[in-house]
Amino acid sequence: MYRKDLITAEIERLAQVLARIMGLKLEGDLTKANSLFNETITNSFKLPTEILEDIAIATFEKWLAESDLPPEKLDSLSEFLYYELGVSTERNQLIAPRLNLIYKVLAEQHKIVHLTNFHRQEIIQQYL
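A brief report on the enclosed structure follows. All of these numbers come straight from a predicted model, not from anything done at the bench.

Reading the values: rules and limits
Residues numbered from 1 in each chain as written. Predicted model: local features only at pLDDT ≥ 70, side-chain atom pairs only at ≥ 80, totals over all residues. Heavy atoms only, no water. Core = buried A, V, L, I, M, F, W, Y, C linked by side-chain atoms within 4.5 Å. Buried < 20%, exposed > 50% of the residue type's maximum accessible area, 1.4 Å probe, protein only. Helix = DSSP H or I, 4+ residues; strand = E, 2+ residues; numbered from the N terminus. Contact = heavy atoms within 4.5 Å. Axes fitted to C-alpha atoms, helices over the stretch in contact; angles between N-to-C directions. Parallel < 35°, antiparallel > 145°, perpendicular 65-115°, else oblique. Left-handed = near helix turned anticlockwise from the far one by under 90°. Nonpolar A, V, L, I, M, F, W, Y, C, P; charged D, E, K, R; others polar. Phe/Tyr/Trp six-rings, centres within 6.5 Å; stacked < 30°, edge-to-face > 60°. Lys NZ or Arg CZ within 6 Å of the ring centre and 35° of its normal.

We now examine the nonpolar core. If you look at the biggest cluster of nonpolar residues, it comprises 32 residues, and the most contacted ones within it are Leu-47 and Phe-80. Those elements that place two or more of their residues in this core are helix 1 (2-27), helix 2 (30-45), helix 3 (49-53), helix 4 (57-67), helix 5 (71-82) and helix 6 (89-108). Sort the elements by how many residues they give to this core and helix 6 lands first, with 8 residues. Setting aside anything within four residues of it in sequence, one finds Leu-47 in contact with Ile-41, Thr-42, Leu-52, Phe-60, Trp-63 and Leu-77.

Okay, the packing of helix 2 against helix 5 next. For any two helices packed against each other, the geometry comes down to the angle between their axes and how far apart the axes lie. Direction vectors running N to C along helix 2 and helix 5 enclose 165 degrees, while the axes themselves pass 12 Å from each other. Regarding the angle of helix 2 to helix 5, the classification is roughly antiparallel. Relative to helix 5, helix 2 is oriented so that their crossing is left-handed. Of the residues in helix 5, those in contact with Phe-37, Thr-40, Ile-41, Ser-44 and Phe-45 of helix 2 are Lys-73, Ser-76, Leu-77, Phe-80 and Leu-81. In terms of residue class, the contact of helix 2 with helix 5 is built from 6 nonpolar, 3 polar and 1 charged.

Tracing the backbone through its elements, the reader meets Val-113 in the loop between helix 6 and helix 7 (115-125). Along the sequence, Val-113 and Tyr-103 sit 10 residues apart, while their C-alpha atoms lie 8.1 Å from each other.

On to the side chain of Arg-91, then. Looking at the secondary structure, you find Arg-91 in helix 6. Contacts of Arg-91, omitting those with residues within four sequence positions, involve Phe-37, Leu-52, Glu-53 and Glu-84.

What follows concerns the packing of aromatic side chains. In this structure the tally under the stated criterion is 4 aromatic pairs. Arranged with centres 5.6 Å apart and planes meeting at 35 degrees, the rings of Phe-60 and Trp-63 form a pair that is tilted. Taken together, the residues span about one helical turn, with Phe-60 and Trp-63 both in helix 4 at a distance of 3 residues. Across the pair, exposure class does not vary: Phe-60 and Trp-63 are buried alike. Taken together, Phe-37, Phe-45 and Phe-80 form an aromatic cluster joined through their ring pairs. The aromatic ring of Phe-45 is capped on one face by Lys-73, whose charged end is 5.8 Å from the ring centroid.

Here it is in structure tokens:
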């Protein structure tokens, strides 16, 4: 029970950080938003930006297999990445396949399927 409470608190904190990032983007402070995004990805998800930015999807796929993140955190990571779509064509082509991998892991390994994720997968197809 204690572990579940810790994960829930972490997910709530991550949702607040994501809201802050989105607010910074709306304010036009893209540098600060990008900095907070990279800091959160690195510190909260233990995902080095080099792996996220690597053109080779295999690097991210290997990290994903070895990360051992609980499904709640994987879902939270998908939220962070989803809101990175639309920044630029290059960024979309980088993020979209990684999102698909996360959704696949959530569905196949953790048996977690959200209607929101189904809808997002349809949207992601336009970026692939």
